[in-house]
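Next come the chains, spelled out residue by residue.
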Amino acid sequence: MNDINSFLSRLNSTINFSTILPEIILIVGLITIVITDLVNKGKNAIFLYKIFLVSTLVSMGILFYQLISVIAFEDLYTNNIFNNLFRFFILICSFISVLLSVDYVLCSKISLAEFPLFKISAGLGGMILSCATDLITIYVSLEFLALSSCFLSGYTKRDIRSNEASMKFLLMSGASSSSLLYGFSLLYGFSDGQVQLDNIIDKILFSQYLPTICISAAFILAGTAFKLSLFPFHQWTPDVYEGSPTPVVAFFSVTSKVAALSLFTRLFRLIFPYLSNEWHIVVELLAISSMILGNLIAVTQRSFKRMLAYSSISQIGYVMIGILAADLENGYASMLTYTFIYIFMNLGTFARITLFSLRTGTDNIRDYAGLYMKDPVLTFSLVLCLLSLGGIPPLSGFFGKLYLFWHGWKAGLYISVTVALVTSVISIYYYLKIIKLMLTKTTNPVDTLKTYEKQKSLVSSVISTKLKSSVEMAMILCALASTLSGLFMDPIIKITRNTFF
Amino acid sequence: MFLFQQYDSFWIFLLVSLFIPFLAFSISRFLVSNKDGPEKLANYESGIEPKGNTWVQFQIRYYMFALVFTVSDVETVFLYPWAIAFEKLGLFAFIEVIVFILILIVGLVYAWRKGALEWS
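Residues numbered from 1 in each chain as written. Chains lettered and ligands numbered in written order. Predicted model: local features only at pLDDT ≥ 70, side-chain atom pairs only at ≥ 80, totals over all residues. Heavy atoms only, no water.

Chain B appears in an unreviewed UniProt entry as NAD(P)H-quinone oxidoreductase subunit 3, chloroplastic from Ceratopteris richardii. The heading Subunit (unreviewed entry) in the UniProt record of chain B holds the text "NDH is composed of at least 16 different subunits, 5 of which are encoded in the nucleus." As stated in UniProt under Sequence similarities (unreviewed entry), the record for chain B gives "Belongs to the complex I subunit 3 family." (UniProt positions renumbered as here; feature names shortened; annotations may be inferred.)

Looking at an unreviewed UniProt entry, chain A carries the name NADH-plastoquinone oxidoreductase subunit 2, with the source organism given as Ceratopteris richardii.

Structure below.
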């Protein structure tokens, strides 16, 4: 008895279990899904999804409780509010994206069990990445996230576009990870063998090795900018978004961007404070080019998913302004609030696209014509989400952008904010184009109506009514969050304020 | 003698090790006459007549087995340092390694049940 007591107290002092309890719950959920799938031999697959949702919800609850009480665990994880908020965001992303993917996976008749498996592992990778404080954990969790996203993007094996997307994603993420690793190895070498971020800062003699530290910063920038799809490293985004199955695109358009944002902010804030002038200029340049490029090319797109890919490139450009504008009394509040709102807007739009492509099987923007007559609920919610993405006043996208640009202006980034305002107006054009197309009558009502009816009867005979509501639940959740977050902006800002480190 | 003084022996070793295979090939080229006939130029297939295409389809079972082997091999590599430092690490490390092995066993059972280990 004494032995067990001393063992438990030593256990609690070496690693504080309650700190990584959300991740442990996710891992237990993962193993449960694998074992359940093996035992059930492929039947009753919806149960697996329920396990996933339950474990994610429990994780979220525990994380929420931890957000209130801050516990420190200095070796591998640091539990300040910044990291916890990002873990919370990633859990929200996983939860909502699985809600909206159940229908799609059932309908496309691909193997059902591995999908929540990959989603949990990608979510786990993202969560650990948000908290990691040493280079090896950062790299391993980044690879975890990237590989799981690769497998997810190639999930529909028989579709050739999915194979192409997965191949491109794998190759390019491998190249960027190797560049990141090279930057890390330079840091490791200069800091005399230290791997923890804090010890690296202590030991590097910045004055002596400054040119090579700049090279290291450049490589790390290349590696992380790939995941964020900033300007010269954005080439994978449209192809991968267009080819992968839609719920998968929803998932990794938010999760990997959120995780990469936390990585980017932490690395550049902690390791390179002496270089802050240099990397501020470079990041500003990247952000401006991403915004311009993303918005201008999105105007010409004909496929909805590709257009959303370019628009997400430009959204990350806006968020970069938030990273550059961080200062002492406000922390990273603008970036965190905009990320929070962006998650809901993006997932909401993808939920509606998933529902639409389930019903009609098409991705072209032109096929959205006249949707108002066929399904007013879908149209109305899609209108809300698109307007929120564009930044129209009563919706939360407007408040997010307002706060972001105001912060940027106060921090002195005049050029970036001006470019951001101009490109924001351009982005309203292509969102409104889709809305106009949906709300007005279609030119040839016969063809589209026929395909719609046929697909609808096929789909409703396959899926039960209980499942059909999960996508709609995700839709409603995202629509509400997109509109009402703007009104509840103040508490959100208050929470995200003390995140400067 | 060479660029970095303390690595002299290394450079000499490198030169000699590059030189020896070259020597082997050139001696045999000078000593032996080249008599190429149609039988000598045929593909080697352990003494039997080669037939069929040279390009055959890769069988996926080799890849599956190699993959499962690699995972188990890396697991073994992780177990070696633990085994050496077992005395000093105590009960907590033991339980941790049990958890590690259990997770990998779950993966192995999964691969087994999904048919990755079928040799046909």
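### Notes on the packing of aromatic side chains
The final tally for this structure, using the stated rule, is 31 aromatic pairs over all chains. Look at tryptophan 82 of chain B and phenylalanine 94 of chain B: their rings are 6.5 Å apart centre to centre, the planes differ by 20°, and that puts the pair in the stacked class. Placement of the pair is tryptophan 82 of chain B in helix H2 (residues 60-84) and phenylalanine 94 of chain B in helix H3 (residues 86-113), with a sequence separation of twelve residues. When its relative accessible area of 21% is taken as the criterion, tryptophan 82 of chain B is described as partly exposed. Chaining the aromatic ring pairs together yields one cluster made of Phe169, Phe226, Trp236, Tyr241 and Phe252 of chain A. The ring of tryptophan 406 of chain A has lysine 410 of chain A lying over it, and the distance from NZ or CZ to the ring centre is 4.8 Å. In this arrangement the basic side chain of arginine 61 of chain B is found over the ring face of tyrosine 62 of chain B, its NZ or CZ atom lying 5.4 Å from the centre. (Phe/Tyr/Trp six-rings, centres within 6.5 Å; stacked < 30°, edge-to-face > 60°. Helix = DSSP H or I, 4+ residues; strand = E, 2+ residues; numbered from the N terminus. Buried < 20%, exposed > 50% of the residue type's maximum accessible area, 1.4 Å probe, protein only. Lys NZ or Arg CZ within 6 Å of the ring centre and 35° of its normal.)

### As for the nonpolar core
If you look at the biggest cluster of nonpolar residues, it comprises 151 residues, and the most contacted ones within it are Ile96, Leu267, Phe272, Phe304, Met307 and Met320 of chain A. Residues contacting phenylalanine 304 of chain A, with those up to four places away along its chain left out, are Thr349, Ile353, Asp363, Ile365, Tyr368, Leu386 and Ile434 of chain A. (Core = buried A, V, L, I, M, F, W, Y, C linked by side-chain atoms within 4.5 Å. Contact = heavy atoms within 4.5 Å.)

### Some words on unusual backbone geometry
Phi at serine 229 of chain A takes a positive value of approximately 50°, unusual for a residue other than glycine. Along the chain, the position of serine 229 of chain A falls in the loop between helix H10 (210-228) and helix H11 (236-243).

### Some thoughts on the interface of chain A and chain B
Tallying the contact residues gives twelve residues for chain A and nine residues for chain B. Inspection of the region where chain A meets chain B yields two salt bridges. Residue lysine 114 of chain B is joined to aspartate 37 of chain A by a salt bridge in which the shortest nitrogen-to-oxygen separation is 2.9 Å. At the boundary of chain A and chain B, one finds two residue pairs in polar contact (both at pLDDT 80 or more). Looking at the side of chain A that touches chain B, the elements that each hand over two or more residues are helix H1 (2-14) and helix H2 (21-40) of chain A. Among the elements that make up the side of chain A that touches chain B, the one with the highest residue count is H2 of chain A (six residues). Classifying every residue of the side of chain A that touches chain B gives eight nonpolar, one polar and three charged. (Salt bridge = Lys/Arg side-chain N within 4 Å of Asp/Glu carboxyl O. Polar contact = N/O pair within 3.5 Å; in protein donor to acceptor, adjacent residues only side chain to side chain. Nonpolar A, V, L, I, M, F, W, Y, C, P; charged D, E, K, R; others polar.)

### Here's the deal with the UniProt feature "transmembrane region" (unreviewed entry) in chain B
All names here are of chain B. As annotated by UniProt and renumbered to match this structure, "transmembrane region" (unreviewed entry) occupies residues 12-32, 62-83 and 89-112. This span, residues 12-32, is 95% helix and 0% strand, and a straight line between its end C-alpha atoms measures 30 Å. Secondary structure across residues 89-112 comprises 100% helix and 0% strand; the distance between its end C-alpha atoms is 33 Å.

### Here we look at the state of the cysteines
Tallied over the full model, the rule gives zero disulfides over all chains. You can see cysteine 131 of chain A has no disulfide; the closest cysteine sulfur is in cysteine 93 of chain A, sitting 15 Å from it. (Disulfide = S-S within 2.5 Å.)

### Let's talk about the domain arrangement of chain B
The domain architecture assigned to chain B consists of domain 1 (1-29) and domain 2 (57-119). Summarising the inter-unit geometry, the C-alpha centres of domain 1 of chain B and domain 2 of chain B are found 42 Å apart. (Domains from an automatic or database assignment.)

### Let's talk about helix H19 (residues 414-439) of chain A
Residues and elements named next belong to chain A. The first and last C-alpha atoms of H19 sit 37 Å apart over 26 residues, in line with the 38 Å expected at 1.5 Å per residue. Every buried residue belonging to H19 is among Ser416, Val417, Val419, Ala420, Thr423, Ser424, Ser427, Tyr430, Tyr431, Ile434, Ile435 and Met438, and all of these are buried. Where H19 is buried, its residues touch helix H13 (276-299), helix H14 (304-324), helix H16 (371-374), helix H17 (376-390) and helix H18 (396-410). (Expected span 1.5 Å × (residues − 1).)

### Here we look at the environment of arginine 87 of chain A
Note that arginine 87 of chain A resides in helix H4 (residues 81-99). Given the relative accessible area of 0%, arginine 87 of chain A is considered buried.

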